[in-house]
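# Residue-level structural notes
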Amino acid sequence: MRIGVLIDINTGMNRTGLRPGFAVVELAQAVNQCEGLRFLGLMTWEGHTLALADPEARAWATTAAIKQLVAMAEACRAAGLEVTIVSGGGSGTYKTTPFIKGMTEIQAGGAIFCDVIYRSWGVETTPCLFVRTIVSSRPAPDRIVIDAGFKTLPVWHAQPSCAKLEAVMSHVTSAEHGIITLERADERVKVGDLLDFIVGYTDSTIILHRKLYGIRRGLVEVELDVI
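Residues numbered from 1 in each chain as written. Predicted model: local features only at pLDDT ≥ 70, side-chain atom pairs only at ≥ 80, totals over all residues. Heavy atoms only, no water.

### Considering the nonpolar core
Formed by 20 residues in total, the largest nonpolar core has its most connected members in F39, L42, L69, C76 and M103. Residue assignment for this core shows that the elements contributing at least two residues are β1 (3-8), α1 (22-33), β2 (37-43) and α2 (55-78). When residues no more than four places from it in sequence are discounted, the contact partners of L69 are I9, T11, L42, M43, T44, V86, S87 and M103. I144, A148, L182 and V199 belong to the second largest nonpolar core, which has 15 residues in total. (Core = buried A, V, L, I, M, F, W, Y, C linked by side-chain atoms within 4.5 Å. Buried < 20%, exposed > 50% of the residue type's maximum accessible area, 1.4 Å probe, protein only. Helix = DSSP H or I, 4+ residues; strand = E, 2+ residues; numbered from the N terminus. Contact = heavy atoms within 4.5 Å.)

Given below as structure tokens:
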């Protein structure tokens, strides 16, 4: 058995990977010479560019990062190595990275669900991942308590969004409850009402649940285990 290996390149995220340079080629050659290993290519995640709010600045920074990855792939090829995979791009950069010559694989995944954070990054897919909650208390005209706390609907990365609620000032959680404070009094939402929330961040929410339910036109069509 030969295990395929991708070398991680640090193109600015400063989290993992080798800096672009000859050390990348040396490591690729070392992998290729190892019995039981097979050098397949290079990968990166240019996630540092998501800190740039301006779409044009983000596109420029993304392109600059990915060009470093592609240049390293060309350097490996020039050294006689076969490079079949050049991988990068996530849901926040899917408008730029796939269209850069030399890329063979895109890592975007969460954009199929979309969420509050992805939308802030310019993802334009339709949100389709929701957590359904029940209003358990209305202790004040400007406050709503739901039965979903941070075990179910975390707010650490971004506040979940509910189309039925207007002018939300804050959404904080305890273990079992969510406390939503409105900017002004609104008594239209009643105890027992169902509220569907677009999650703040898919990655930190979906792992808290055991099942996903696929719903079309109000009917459950599929039940998926979260593994």
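Still more to cover.
### Re the pairing of strand β10 (residues 211-216)
By the bridge criterion, six bridges tie β10 to strand β11 (residues 219-225) in an arrangement that is antiparallel. Along β11, the bridge assignment pairs K211 with D225. Following β10, the chain reverses through two residues before pairing antiparallel with β11; R217 in that reversal takes a positive phi of roughly 55°. (Pairing = 2+ DSSP bridges.)

### Considerations on the side chain of T202
Mapped onto the fold, T202 is located in helix α4 (residues 202-206). Taking relative accessible area as the criterion, T202 reaches 4% and is therefore assigned buried.

### Let's talk about the pattern of salt bridges
Tallied over the entire structure, the rule returns nine salt bridges. Taking the shortest distance from any N to any O, the salt bridge between K95 and E124 comes out at 3.1 Å. One end of the pair, K95, is in the loop between β3 (85-88) and β4 (105-106); the other, E124, is in the loop between α3 (116-120) and β5 (130-140), with 29 residues separating them in the sequence. Taking the relative accessible area as the measure of exposure, E124 reaches 66% and is therefore exposed. Each member of the salt-bridge network shares a partner with another, and the members are E166, D186 and R188. (Salt bridge = Lys/Arg side-chain N within 4 Å of Asp/Glu carboxyl O.)

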